[in-house]
Number of protein chains: 4
Amino acid sequence: MSDRTNSPLPDIQKTQDTRNIPIDKVGVRGVKFPIEVLDRSQERQHTIGNFTLTVNLPKEFKGTHMSRFLEVLNVYGREINVHKLPDLLKALTERLTAKEAHIEVRFPFFVEKAAPVTKKTGMMEFECGFDATANGHFDLTMYVRVPVATLCPCSKEISQYGAHNQRGWVTTRVKTNDFVWLEDLIDMIESSASCALFPVLKRPDEKWVTETAYENPRFVEDMVREVALAFDGDSRIDAYEIEVENEESIHAHNAYAYLARTK
Amino acid sequence: MSDRTNSPLPDIQKTQDTRNIPIDKVGVRGVKFPIEVLDRSQERQHTIGNFTLTVNLPKEFKGTHMSRFLEVLNVYGREINVHKLPDLLKALTERLTAKEAHIEVRFPFFVEKAAPVTKKTGMMEFECGFDATANGHFDLTMYVRVPVATLCPCSKEISQYGAHNQRGWVTTRVKTNDFVWLEDLIDMIESSASCALFPVLKRPDEKWVTETAYENPRFVEDMVREVALAFDGDSRIDAYEIEVENEESIHAHNAYAYLARTK
Amino acid sequence: MSDRTNSPLPDIQKTQDTRNIPIDKVGVRGVKFPIEVLDRSQERQHTIGNFTLTVNLPKEFKGTHMSRFLEVLNVYGREINVHKLPDLLKALTERLTAKEAHIEVRFPFFVEKAAPVTKKTGMMEFECGFDATANGHFDLTMYVRVPVATLCPCSKEISQYGAHNQRGWVTTRVKTNDFVWLEDLIDMIESSASCALFPVLKRPDEKWVTETAYENPRFVEDMVREVALAFDGDSRIDAYEIEVENEESIHAHNAYAYLARTK
Amino acid sequence: MSDRTNSPLPDIQKTQDTRNIPIDKVGVRGVKFPIEVLDRSQERQHTIGNFTLTVNLPKEFKGTHMSRFLEVLNVYGREINVHKLPDLLKALTERLTAKEAHIEVRFPFFVEKAAPVTKKTGMMEFECGFDATANGHFDLTMYVRVPVATLCPCSKEISQYGAHNQRGWVTTRVKTNDFVWLEDLIDMIESSASCALFPVLKRPDEKWVTETAYENPRFVEDMVREVALAFDGDSRIDAYEIEVENEESIHAHNAYAYLARTK
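Here, residues in each chain are numbered from 1, in the same order as that chain's written sequence. In the order they appear in the text, chains get letters beginning with A and ligands get numbers beginning with 1. At least 70 in pLDDT is required for a residue's local features to be given in this predicted model, at least 80 for side-chain atom pairs to be given and counted, and no such filter applies to totals for whole chains, interfaces and linings, which use all residues. The side-chain values count all of the structure's non-hydrogen atoms but skip hydrogen atoms and water molecules.

Student: Kindly report on the overall build of chain A, identifying the contributing residues and their values.
Tutor: The number of helices and strands found in chain A is seven helices and nine strands. What the globule rule says is 2.2 Å times the number of residues to the power 0.38, and the radius of gyration is computed from C-alpha atoms. Taking 2.2 N^0.38 as the reference for a compact globule, 263 residues should give roughly 18 Å; the C-alpha atoms of chain A span a radius of gyration of 23 Å, well beyond that estimate. Each residue gets one of three labels from its accessible area relative to the maximum for its type: buried under 20%, exposed over 50%, partly exposed in between, using a 1.4 Å probe on protein chains only. Per-residue burial over chain A gives 63% buried out of 263 residues. Contacts are assigned to residue pairs with any non-hydrogen atoms lying within 4.5 Å of each other. Contacts in chain A between residues far apart in sequence, at least 24 positions, make up 65% of those at least 6 positions apart. With residues, only the protein chains shown are counted as cover, and all accessible areas are computed by Shrake-Rupley using a 1.4 Å probe. Carbon and sulfur atoms make up 47% of the accessible area of chain A, which amounts to about 9700 Å² in all. In chain A, 33 side chains carry a positive charge and 40 a negative one; their mean positions are 4 Å apart. A helix here means a DSSP run of H or I that spans at least four residues, while a strand means a run of E at least two residues long, and both kinds are numbered starting from the N terminus. The charged-residue count follows a simple rule in which Lys and Arg add positive charge and Asp and Glu add negative charge, with His and chain termini not counted at all. Each charge is placed at NZ for Lys, CZ for Arg, CG for Asp and CD for Glu.

Student: How would you explain the interface of chain B and chain A if you had to name every residue and give the values?
Tutor: With 37 residues of chain B at the contact, the number on the chain A side is 37 residues. Accessible area that two parts lose when put together, with a 1.4 Å probe and added across both, is what the buried area reports. For the pair chain B and chain A, the two sides together bury roughly 3100 Å², of which 55% comes from carbon and sulfur. For this analysis, a salt bridge means a side-chain nitrogen from Lys or Arg found within 4 Å of a carboxyl oxygen belonging to Asp or Glu. Linking chain B with chain A are zero salt bridges. Whenever a nitrogen or oxygen atom comes within 3.5 Å of another N or O atom, the pair is scored as a polar contact, on the condition that within protein one atom can donate a hydrogen and the other can accept it, and that pairs from neighbouring residues in sequence are kept only if both atoms are in side chains. For the pair chain B and chain A, the number of links is 27 residue pairs in polar contact (both at pLDDT 80 or more). Listed by contribution, the elements that provide at least two residues to the side of chain B that touches chain A are strand 5 (137-151), helix 4 (153-158), strand 6 (165-176) and helix 6 (203-215) of chain B. At eight residues, helix 6 of chain B tops the list of elements feeding residues into the side of chain B that touches chain A. In this classification, Asp, Glu, Lys and Arg are treated as charged, Ala, Val, Leu, Ile, Met, Phe, Trp, Tyr, Cys and Pro as nonpolar, and every other residue, Gly included, as polar. Looking at the side of chain B that touches chain A residue by residue, the classes come out as 16 nonpolar, 13 polar and eight charged.

Student: Tell me what's going on with the environment of Leu73(A), and back it up with residues and numbers.
Tutor: Residue and element names in this part refer to chain A. Position of Leu73 among the secondary structure elements: in helix 2 (residues 66-76). When the C-alpha positions of Leu73 and Phe33 are compared, they lie 8.4 Å apart, and in sequence the two are 40 residues distant. Each residue touching Leu73, except ones within four places of it in the same chain, is listed here: Val31, Phe33, Phe51, Leu53, Arg78 and Leu88.

Student: Please give an account of the interface of chain C and chain A that cites residues and values.
Tutor: Every contact between the two is made by 54 residues of chain C and, on the other side, 55 residues of chain A. Across the chain C/chain A interface, buried area totals approximately 4400 Å², and carbon plus sulfur atoms make up 57% of it. Taken together, the links from chain C to chain A amount to twelve salt bridges. Here Arg225(A) ties to Asp17(C) by a salt bridge, and the two come within 3.4 Å at their closest N and O atoms. In this structure, the connection of chain C to chain A is made through 28 residue pairs in polar contact (both at pLDDT 80 or more). Taken together, the elements giving at least two residues each to the side of chain C that touches chain A come down to strand 1 (23-39), strand 2 (43-57), helix 2 (66-76), helix 4 (153-158), helix 7 (220-232), strand 8 (237-246) and strand 9 (254-262) of chain C. Here the side of chain C that touches chain A is composed, by residue class, of 29 nonpolar, nine polar and 16 charged.

Student: Can you lay out the relation of the copies chain B and chain A for me, pointing to particular residues and giving the numbers?
Tutor: For the pair chain B and chain A, the best superposition has an RMSD of 0.0 Å and corresponds to a rotation of 180 degrees with a translation of 0.0 Å parallel to the axis. Here the symmetry operator amounts to a two-fold rotation axis. Most of the interface of chain B is mirrored in chain A, where 100% of its interface residues again form contacts. Only residues with pLDDT of at least 70 in both copies count here: their C-alpha atoms drive the least-squares fit that superposes the copies.

Student: Could you give an account of the packing of aromatic side chains, with specific residues and numbers?
Tutor: Geometry of aromatic contacts follows a simple scheme: Phe, Tyr and Trp rings, the Trp one being its six-membered ring, pair when their centres are within 6.5 Å, and the pair is stacked under 30 degrees between planes, edge-to-face over 60, tilted otherwise. With the rule as written, the count across this model stands at 24 aromatic pairs over all chains. With a centroid separation of 5.2 Å and 35 degrees between ring planes, the pair formed by Tyr161(C) and Tyr214(D) is classed as tilted. Separated into two different chains, Tyr161(C) in the loop between helix 4 and strand 6 (165-176) and Tyr214(D) in helix 6 (residues 203-215) make up a pair that spans both. For Tyr161(C), a relative accessible area of 27% puts it in the partly exposed group. Each ring, one from Phe107(D) and one from Phe130(D), has its centre 5.9 Å from the other, and the planes form 45 degrees; the classification is tilted. With Phe107(D) in strand 3 (residues 101-114) and Phe130(D) in strand 4 (residues 121-135), this pair connects stretches of sequence that are 23 residues apart. Among the residues examined, Phe107(D) registers a relative accessible area of 2% and is labelled buried. In this structure an aromatic cluster arises from ring pairing among Phe107(A), Phe109(A) and Phe130(A). Taking the ring centre of Tyr214(C) as reference, the NZ or CZ of Lys156(C) above it sits at 4.7 Å. Two limits define a charge over a ring: the Lys NZ or Arg CZ must be within 6 Å of the ring centre, and within 35 degrees of the ring normal.

Student: Can you explain the side chain of Glu248(C)? Please cite residues and give values.
Tutor: Checked against the element boundaries, Glu248(C) lands in the loop between strand 8 and strand 9. We note that Glu248(C) is buried and unpaired, the nearest opposite charge coming from Arg167(D) at a distance of 6.8 Å.

Student: Hey, could you go over the relation of the copies chain C and chain A for me, with residue numbers and the actual values?
Tutor: The two chain copies are related to each other by a rotation about an axis together with a translation along it. Once chain C is rotated about the relating axis by 180 degrees and shifted along it by 0.0 Å, it coincides with chain A to within an RMSD of 0.0 Å. Both copies contact each other with a shared surface, as 100% of the interface residues of chain C are interface residues in chain A too.

Student: How would you explain helix 7 (residues 220-232) of chain A if you had to name every residue and give the values?
Tutor: Taking 1.5 Å per residue, 13 residues should reach 18 Å; helix 7 of chain A reaches 18 Å between its end C-alpha atoms and fits that length. For helix 7 of chain A, the complete set of buried residues consists of Val220(A), Glu221(A), Asp222(A), Met223(A), Val224(A), Arg225(A), Val227(A), Ala228(A) and Phe231(A). Helix span is expected to be 1.5 Å times the residue number reduced by one.

Student: So, the pairing of strand 3 (residues 101-114) of chain C: which residues are in play, and what are the values?
Tutor: All names here are of chain C. Among the 14 residues of strand 3, eleven are classified as buried, and the element is accordingly described as predominantly covered. Pairing geometry for strand 2 and strand 3, over six bridges, is antiparallel. Along strand 3, the bridge assignment pairs Leu53 with Ile103. Strand pairing requires that DSSP identify at least two bridges connecting the strands. Between strand 3 and the antiparallel strand that follows it, strand 4 (residues 121-135), lie six residues; Lys119 among them carries a positive phi value of about 65 degrees.

Student: I'd love a proper account of the pattern of salt bridges, names of residues and values included.
Tutor: Inspection of every chain in the model, using the stated rule, returns 100 salt bridges over all chains. One connected set of salt bridges, linked through shared partners, spans Asp17(A), Arg19(A), Lys62(A), Asp222(C), Arg225(C) and Glu226(C).

Student: Quick one: what's the story with the packing of helix 5 (residues 182-191) of chain D against helix 7 (residues 220-232) of chain D, residue by residue and with numbers?
Tutor: Residue and element names in this part refer to chain D. Contact geometry for helix 5 and helix 7: axes closest at 8 Å, N-to-C directions at 135 degrees. Between helix 5 and helix 7, the crossing angle belongs to the class labelled oblique. With respect to the hand of their crossing, helix 5 and helix 7 are arranged in right-handed fashion. Where helix 5 abuts helix 7, its residues Leu185, Met188 and Ile189 lie against Met223, Val227, Ala230 and Phe231. Lines are fitted to the C-alpha atoms to define the axes, a helix being fitted only along its stretch in contact, and any angle between axes, read from their N-to-C directions, falls within 0 to 180 degrees. Working rule for angles: under 35 degrees goes down as roughly parallel, over 145 as roughly antiparallel, 65 to 115 as roughly perpendicular, anything else as oblique. By convention, the crossing between two helices is left-handed when the near helix turns anticlockwise from the far helix through less than a right angle, and right-handed when the turn is clockwise.

Student: Any chance you could break down the environment of Lys119(A) for me, citing the residues and the numbers?
Tutor: Residue and element names in this part refer to chain A. When you line up the elements, Lys119 lands in the loop between strand 3 (101-114) and strand 4 (121-135). C-alpha of Lys119 to C-alpha of Thr52: the two residues are 67 residues apart in sequence and 39 Å apart in space. With residues up to four places along the chain from it excluded, the contact list for Lys119 reads Ala114 and Asp205. Of the polar contacts made by the side chain of Lys119, one reaches the backbone oxygen of Pro116; its length is 2.9 Å.

Student: An account of the nonpolar core is requested, with residue identities and associated values reported.
Tutor: The biggest cluster of nonpolar side chains holds 163 residues, and the ones touching the most others in it are Phe51(B), Leu92(B), Phe231(B), Phe51(D), Leu92(D) and Phe231(D). When residues no more than four places from it in sequence are discounted, the contact partners of Phe51(D) are Val28(D), Arg29(D), Gly30(D), Val31(D), Phe33(D), Ile35(D), Leu73(D), Gly77(D), Ile80(D), Ile103(D), Glu104(D) and Val105(D). Membership of the second largest hydrophobic core comes to 162 residues, among which are Val209(A), Val55(C), Val72(C) and Val144(C). For this analysis, a nonpolar core means a set of buried residues of the types Ala, Val, Leu, Ile, Met, Phe, Trp, Tyr and Cys, connected via side-chain atoms within 4.5 Å.

Student: Would you mind going over the state of the cysteines in detail, with residue names and values included?
Tutor: All names here are of chain A. Only a pair of cysteine sulfur atoms within 2.5 Å qualifies as a disulfide here. For the structure on display, the rule yields zero disulfides over all chains. For Cys152, which is in no disulfide, the shortest distance to another cysteine sulfur is to Cys154 and amounts to 5.0 Å. Look at Cys152 and you get buried, because its relative accessible area is 8%.

Student: An account of the side chain of Glu190(A) is requested, with residue identities and associated values reported.
Tutor: Position of Glu190(A) relative to the elements: it lies in helix 5 (residues 182-191). The contacts of Glu190(A), once residues within four sequence positions are left out, are Lys113(A), Met124(A), Phe126(A), Val146(A), Val148(A), Ala196(A) and Leu197(A).

Structure follows, in structure tokens:
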């Protein structure tokens with residue numbers, strides 16, 4: 001093996017490129033890595049990150065050095081939160097000799113939830129994440145995706161009894177000027193729904209969620225507006241995107257609404 | 001180029017294998033191909049098949065010849081139905097010198113559906129398919145996956161008003177002794193639900209589907225049993241598997257039931 | 001039933017909304033519909049569209065009328081191409097009384113391809129689509145996603161023999177000022193790769209594609225730059241986004257590059 | 001709230017069913033839950049399980065009690081391994097008054113891997129899991145899915161230089177008569193490939209994996225046979241299923257092989 005490893009191996013990536021085309025982002029995608037994230041009630045939570053890590057590539061260079069992204073992740077990626085992300089991005093710009101570095105990470109995030117009446121607890125999963133960029137200044141977007149129950153106001157109004165309802169998915173991207181827990185965003189979104197979802201529901205709980213949803217009908221239009229009102233009312237939030245997709249129980253297709261606002 | 005193409009290229013696949021291990025199935029997967037399938041109301045329907053084509057490989061041979069699967073598909077794959085599948089399988093066994101050939105194909109299948117009251121029509125998609133094997137005799141399984149509305153009997157019974165409902169997915173595999181339309185299976189499954197889904201629903205239709213679902217509550221347990229009763233009542237059906245998965249609107253997880261029976 | 005359908009049913013959607021929040025986009029998503037698209041060699045091709053159809057919703061209204069999206073699709077959605085999309089969008093703005101309408105459609109698109117040496121033909125699928133907006137003027141983006149073979153220049157250079165290669169995915173969004181065939185974009189992308197993919201390859205063809213890839217090594221960085229050069233050289237193209245993701249055969253994660261440019 | 005919770009709520013699920021149809025499996029699917037699994041080098045590893053939990057339902061009962069699956073998971077689901085699964089299944093049969101209980105769980109499993117030459121380490125993820133049934137006796141199947149590099153023997157043989165290679169996926173289900181680490185199965189599978197994959201590869205490592213793959217060409221047929229030989233040589237393994245799918249770098253479709261054996 002020694003003859004293989006001792007030979008001086010050329011570095012093709014750093015050879016000069018003559019095509020004169022800078023590349024906005026280059027790096028690695030779909031990198032899975034065990035991480036710890038901050039947890040409002042337990043301080044910390046073990047979970048698994050799915051990372052895209054990229055930097056800009058100046059027009060002079062043929063390629064970036066992909067293995068360095070993994071080396072930086074090994075050192076700086078164990079803890080993923082708003083306090084640690086700047087270090088990870090700084091390390092990327094330094095190791096890759098880049099002006100700009102980006103991270104996109106998504107992870108399952110668990111919250112213990114109690115049933116509304118019996119208070120039986122269980123774990124519920126939310127897809128969360130961060131999108132961050134460093135290019136002189138640090139720019140962060142929080143990502144939270146929350147399943148909710150939505151009950152159709154039209155169906156309720158026009159029907160003698162019942163009302164169609166379904167699982168809906170609320171996806172939000174939020175820019176903040178101060179620390180915000182992932183759980184804070186989840187709470188605001190769940191409060192905007194016909195009813196929140198729960199991991200464990202005994203019969204008294206099921207009665208409660210059924211009636212609560214019936215009393216709080218929501219179109220996808222209502223959902224994006226109610227979440228927008230909640231975000232508008234939180235001074236820590238500067239800008240947001242809200243997307244709601246209802247898995248309509250009367251159709252094979254979905255109802256959809258999207259709203260973006262910078263305060 | 002001629003020196004490349006004129007050279008006699010060795011056939012590695014047909015060299016002898018000494019590991020003494022026959023392989024159950026070898027071939028190609030994820031092959032997309034435009035097809036025509038039979039349609040109860042329009043005679044024929046253009047759609048797109050996603051194919052897995054395999055044969056057995058005797059222990060004597062190192063490999064199969066993958067390109068021949070595609071060549072057979074080119075000739076025999078344009079029309080996919082119970083009458084044409086035996087020819088495709090026979091061609092596979094001949095071209096690949098195999099005793100056994102298998103096909104799995106899935107395709108989007110469209111049915112024009114009229115709204116229950118206004119009769120407004122639209123197209124609704126179902127995932128359908130065939131699994132077939134030829135090894136001396138021909139063995140066929142039909143595959144149909146149907147989205148439906150299910151309304152929870154417990155939620156209805158215990159609540160003062162409303163009842164949680166949701167989109168559910170009924171997946172069936174059916175062995176038949178006579179010709180059965182894909183639409184026949186779809187009809188039997190939709191009739192077993194709290195209510196069928198529709199592409200276009202105006203307000204009078206929405207009132208109808210809301211009230212119909214409320215009048216016909218179904219657990220996943222009810223769904224598999226009702227579909228089983230429908231299949232039991234059709235003498236063309238010899239055996240079946242039924243799987244139901246409800247995207248519960250009160251939970252982030254699904255309710256699930258499975259039932260298999262050979263008459 | 002008549003008592004149900006004759007009753008005047010209230011229109012909740014058009015009731016006034018007091019939250020004072022306009023919604024950017026509201027409509028339907030995941031609507032599957034059989035369509036015809038233009039085909040450079042066959043004139044037309046049957047395929048299946050997956051649609052998102054949306055309009056803006058002024059702050060005054062509680063909701064949009066979801067069923068009308070499906071009705072418009074029924075009338076205007078059979079043929080999907082640059083000539084027909086303006087009519088579909090115009091019909092959406094009129095039926096939904098909106099200022100702005102959007103369509104996103106993705107469909108499998110088949111091209112008959114001949115093997116490079118034996119000329120054996122087969123069908124190869126590409127994911128294609130259109131994103132269009134009408135808000136006074138008509139704005140169109142073409143979408144094409146092409147799988148290619150990429151061979152690593154570094155691996156080739158540093159190894160005594162062989163070079164790792166893999167399937168890569170090139171995803172492009174293109175704004176044009178004149179008619180461009182989907183096949184034109186596919187051709188430009190395939191020509192930029194280490195080698196194009198083929199549905200049927202006999203041994204002389206496999207030799208050709210293996211050697212061709214070895215002679216044309218490409219990083220993801222090379223891929224985005226080569227496609228950018230091709231798009232820069234076509235005066236019908238005004239702006240583009242190019243994304244390349246290599247399913248690295250030496251890693252479980254992917255290499256990724258992204259480049260956007262407005263000429 | 002008290003009037004709601006104090007009312008005696010009927011138990012619809014336990015009412016008698018007259019359709020005379022027992023159900024094979026009924027329960028919950030897609031339940032996410034944070035777990036700990038056994039780890040050969042670290043003793044334990046935090047990860048996230050995706051569970052399907054089911055029991056049989058006798059023909060006499062209308063339904064099962066879905067919330068109890070979650071309650072049992074809360075108590076018995078924190079540690080998932082061969083020693084703990086019997087307790088979880090026993091609790092399911094008791095709480096659900098069933099004769100048979102089933103668990104299917106899949107989880108990301110991380111292994112620290114060192115690069116072959118530089119020994120740089122990183123984390124690599126494998127999808128692992130268990131399928132277990134209790135119905136008087138306890139029956140366990142281990143599930144391991146491993147990405148590998150495969151280099152085509154035909155392409156190597158017929159080409160003057162180079163050889164197409166790609167990421168392949170080896171999926172195995174294994175019945176054992178003694179304790180086997182997930183890592184043991186992963187090792188056997190990786191050793192059967194043209195080359196294993198690695199999270200971090202510096203240039204000397206990349207040279208090594210490129211040349212190693214070139215020296216060890218493997219068809220999908222070779223892969224299933226080599227893994228079968230490895231499993232045959234381990235007396236702790238009683239039966240297995242092996243599935244290999246190569247993301248062919250010269251085609252848009254995959255090569256596939258499947259082999260099952262009970263010793």
